[in-house]
Amino acid sequence: MPVNNMDKPKIVTCTAPVNIAVIKYWGKRNEDLILPINSSLSVTLHQDQLKTTTTVATSRSFPEDRIWLNGKEEDITHPRLQSCLREIRRLARKRRNDEDPSLDSTGLSHKVHICSINNFPTAAGLASSAAGFACLVYTLARVFGVEGELSGIARQGSGSACRSMYGGFVQWIMGDKDDGKDSVAQQVEPETHWPELRILVLVASAERKPVGSTSGMQTSVQTSCLLKHRAQSVVPERMVEMTDAVRRKDFPAFAELTMKDSNQFHATCLDTYPPIFYLSSVSQQVISLVHRYNRHYGETRVAYTFDAGPNAVIFTLEQHVPEFVRVVQHFFPPDTHTEDFIQGLPVGRAALSEELRRGVGLEPMPKGINYIISTKAGPGPCVVEDPTQHLLSSDGLPK
Ligand code: DP6
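Residues numbered from 1 in each chain as written. Predicted model: local features only at pLDDT ≥ 70, side-chain atom pairs only at ≥ 80, totals over all residues. Heavy atoms only, no water.

**Description of the overall build of the protein**
On a plain count of helices and strands, the protein comes out with 12 helices and 17 strands. Relative to the 2.2 N^0.38 estimate, which gives 21 Å for 399 residues, the radius of gyration of the protein is 22 Å and therefore close to what a compact globule would have. For the protein, the C-alpha atoms occupy an extent of roughly 75 × 45 × 40 Å along the three principal directions. The buried share among the 399 residues of the protein stands at 53%. A separation threshold of at least 6 residues defines the contact pool for the protein, and within that pool the share at least 24 residues apart is 77%. Approximately 17900 Å² of the protein is accessible, and the part contributed by carbon and sulfur atoms is 50%. Within the protein, one finds 43 positive and 44 negative side-chain charges whose respective centroids are separated by 2 Å. (Helix = DSSP H or I, 4+ residues; strand = E, 2+ residues; numbered from the N terminus. Rg over C-alpha atoms; globule rule 2.2 N^0.38 Å. Buried < 20%, exposed > 50% of the residue type's maximum accessible area, 1.4 Å probe, protein only. Contact = heavy atoms within 4.5 Å. Areas by Shrake-Rupley, 256 points an atom, 1.4 Å probe, with all protein chains shown as cover. Lys, Arg positive; Asp, Glu negative; His and termini not counted. Charge placed at Lys NZ, Arg CZ, Asp CG, Glu CD.)

Set out below in structure tokens:
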């Protein structure tokens with residue numbers, strides 16, 4: 001074989017989704033292994049709207065591991081990146097030794113080039129680390145020929161990343177082993193299970209950069225007795241109830257539990273000392289709007305949830321989307337055209353009745369919401385077969 005052929009890099013590209021927790025993960029019992037103090041449950045969002053794409057190239061001609069994120073070269077020595085790389089290489093070595101000693105062993109010593117981009121603006125403040133680490137681990141596994149349970153490795157990049165390894169409705173079982181081997185994600189139901197469920201991401205105009213989740217939850221674990229109570233006495237039962245609500249596609253039960261769990265998570269943030277505030281005045285207005293909308297109809301048609309930032313994620317059923325979006329548009333009048341305000345899955349038009357407007361009865365907050373991303377539940381990580389989609393060229397550098 002000619003030398004230049006052997007030097008040709010092996011290149012693989014994959015995509016991975018964002019997920020949004022409806023039972024929140026907040027707090028670790030082991031910082032290095034990223035082991036949580038409670039189980040959590042999330043919905044994987046559709047990659048047509050929100051995804052990370054990662055290309056990994058390996059070649060014996062690469063002198064060192066390198067990574068580019070959203071067009072900028074970053075430090076590969078970051079401990080969480082190193083954990084993922086080390087664990088995938090460890091699995092690959094194990095597989096070679098245990099199963100098939102004839103497996104190509106040279107590739108294992110090769111260095112990697114990693115290039116990753118998001119199809120949504122990082123500035124939107126949407127958690128991108130879950131999709132990012134899930135995509136990294138999934139792509140590395142393909143490159144090194146590793147199969148099977150990978151969520152335990154993604155978890156070591158970012159806790160919530162383990163849930164992005166599956167589509168649909170996913171639980172992260174906290175586990176109780178010291179080595180974390182039983183702290184893994186599992187699919188509860190696939191993305192096809194509840195086709196009427198819709199998700200609207202309301203991107204709030206950010207006022208300030210919030211405290212990061214890693215350090216925020218550290219302070220909460222150290223100082224909040226409410227968090228301890230939540231993890232020990234509230235979440236175990238909620239996990240059972242939520243799984244059941246999802247299985248039965250019981251929207252009111254799912255919605256109520258989702259809102260209560262978001263509220264309790266933010267209550268533990270206020271119980272943290274010094275307190276952490278992730279909800280802005282816009283978030284609070286969204287909370288009021290949802291409750292007033294539901295009260296107007298005398299049933300739970302819409303639910304909100306908030307992570308470590310001011311953006312609201314709304315769950316509702318397909319039939320209510322056009323009207324609810326119209327209501328959001330009325331109470332958060334944008335300064336852009338409707339086409340720019342609503343992105344993602346098409347949203348039908350609906351009228352806003354005087355009765356509903358008065359029923360909600362809030363003071364409009366102009367420009368409080370920058371735009372809405374309309375989406376639904378979607379699949380887990382995928383391989384991109386089309387080589388023109390690779391983010392690295394054959395010389396191993398970003399295109
Ligand atoms: C509020 O997974 O970002 O979004 O494990 O330290 O990387 P690390 O934290 P991260 O925390 C996510 C917290 C959350 C709730 C959730 O997604 O369950």
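**Concerning the nonpolar core**
With 64 residues, the main nonpolar core has Phe254 and Phe315 as its most contacted residues. Considering each element in turn, this core owes the most residues, 7 residues, to strand β12 (residues 197-204). When residues of this core are assigned to domains, at least three map to each of domain 1 (3-192 + 381-389) and domain 2 (197-375). Core analysis: the next-biggest nonpolar cluster, separate from the first, contains 30 residues, Val12, Ile67, Val143 and Ile153 among them. (Core = buried A, V, L, I, M, F, W, Y, C linked by side-chain atoms within 4.5 Å. Domains from an automatic or database assignment.)

**Notes on the pairing of strand β9 (residues 111-118)**
Along any regular strand the residues' side chains alternate between the sheet's two faces. By the criterion of burial, β9 is predominantly enclosed, with 6 of the 8 residues buried. By the bridge criterion, 4 bridges tie strand β7 (residues 66-69) to β9 in an arrangement that is parallel. Residue pairing for β9: Leu69 is matched across the bridge by Ser116. (Pairing = 2+ DSSP bridges.)

**Some thoughts on the packing of helix α9 (residues 281-297) against helix α10 (residues 321-331)**
Across the interface, α9 lies against α10 with an axial gap of 12 Å and an inter-helix angle of 135°. Considering their axes alone, α9 and α10 lie oblique with respect to each other. In this structure, the crossing between α9 and α10 has a hand that is right-handed. Residue-level inspection shows Gln285, Leu289, Val290, Tyr293 and Tyr297 of α9 in contact with α10, the latter providing Glu323, Phe324, Val327, Val328 and Phe331. (Axes fitted to C-alpha atoms, helices over the stretch in contact; angles between N-to-C directions. Parallel < 35°, antiparallel > 145°, perpendicular 65-115°, else oblique. Left-handed = near helix turned anticlockwise from the far one by under 90°.)

**Brief notes about the pattern of salt bridges**
In total, this model carries 17 salt bridges according to the counting rule given. In this structure, the salt-bridge partner of Lys94 is Asp98, at a minimum N-O distance of 3.0 Å. Of this pair, Lys94 and Asp98 both sit in helix α2 (residues 79-98), 4 residues apart, roughly one helical turn. The exposed category is assigned to Asp98, whose relative accessible area is 52%. Residue Asp244 is joined to Arg248 by a salt bridge in which the shortest nitrogen-to-oxygen separation is 3.1 Å. (Salt bridge = Lys/Arg side-chain N within 4 Å of Asp/Glu carboxyl O.)

**Structural notes on the sheet that holds β7**
Here we have 6 strands laid out as an open sheet, ordered β8-β7-β9-β6-β1-β17, and mixed in their pairing. The open sheet has two edge strands with one neighbour each: β8 (72-74) and β17 (382-383). In this sheet, β17 lies alongside strand β1 (residues 10-17) in antiparallel orientation, the contact comprising 2 bridges. Counted as the bridge partner of Thr15 is Cys382 from β17. Against the sheet, helix α4 (residues 129-143) makes contact with β1, β6 (51-59), β9 and β17, and its axis sits at roughly 145° relative to β1, the strand it touches most.

**Considerations on the side chain of Arg89**
Secondary-structure assignment places Arg89 in helix α2. We classify Arg89 as buried; its relative accessible area is 13%. If we skip the residues at most four places from it in the chain, Arg89 touches Asp65, Leu108, His110, Lys111, Val112 and Phe144.

**Description of the site of the ligand**
In the neighbourhood of the ligand, 17 residues make up the surrounding shell, with Tyr25, Lys28, Arg80, Ser158 and Ser160 lying closest. Note that an oxygen atom of the ligand is positioned 2.7 Å from one of the side-chain N or O atoms of Lys28. Within the side chain of Ser158, one N or O atom sits 2.7 Å away from an oxygen atom of the ligand. With 3 residues, the top contributor of residues to the shell around the ligand is helix α6 (residues 213-223). Broken down by class, the residue content of the shell around the ligand amounts to 7 nonpolar, 5 polar and 5 charged. (Near = heavy atom within 4 Å. Polar contact = N/O pair within 3.5 Å; in protein donor to acceptor, adjacent residues only side chain to side chain. Nonpolar A, V, L, I, M, F, W, Y, C, P; charged D, E, K, R; others polar.)

**Observations regarding the domain arrangement of the protein**
For the protein, the assigned domains read domain 1 (3-192 + 381-389) and domain 2 (197-375). Put simply, the middle of domain 1 and the middle of domain 2, counted by C-alpha atoms, are 28 Å apart. In this complex, domain 1 contributes 29 residues to the contact, which on the side of domain 2 involves 43 residues. Taken over both partners, the interface formed by domain 1 and domain 2 buries close to 2900 Å², and the fraction arising from carbon and sulfur atoms is 71%. Inspection of the domain 1/domain 2 interface yields 2 salt bridges. For the pair domain 1 and domain 2, the number of links is 8 residue pairs in polar contact (both at pLDDT 80 or more). Of all the secondary-structure elements, those providing two or more residues to the side of domain 1 that touches domain 2 are β2 (19-23), β5 (40-44), β10 (169-172) and β11 (185-189). Tallying contributions element by element places β2 first for the side of domain 1 that touches domain 2, with 4 residues. Taken together, the residues of the side of domain 1 that touches domain 2 sort by class into 16 nonpolar, 8 polar and 5 charged. (Buried area = accessible area lost by both parts, 1.4 Å probe.)

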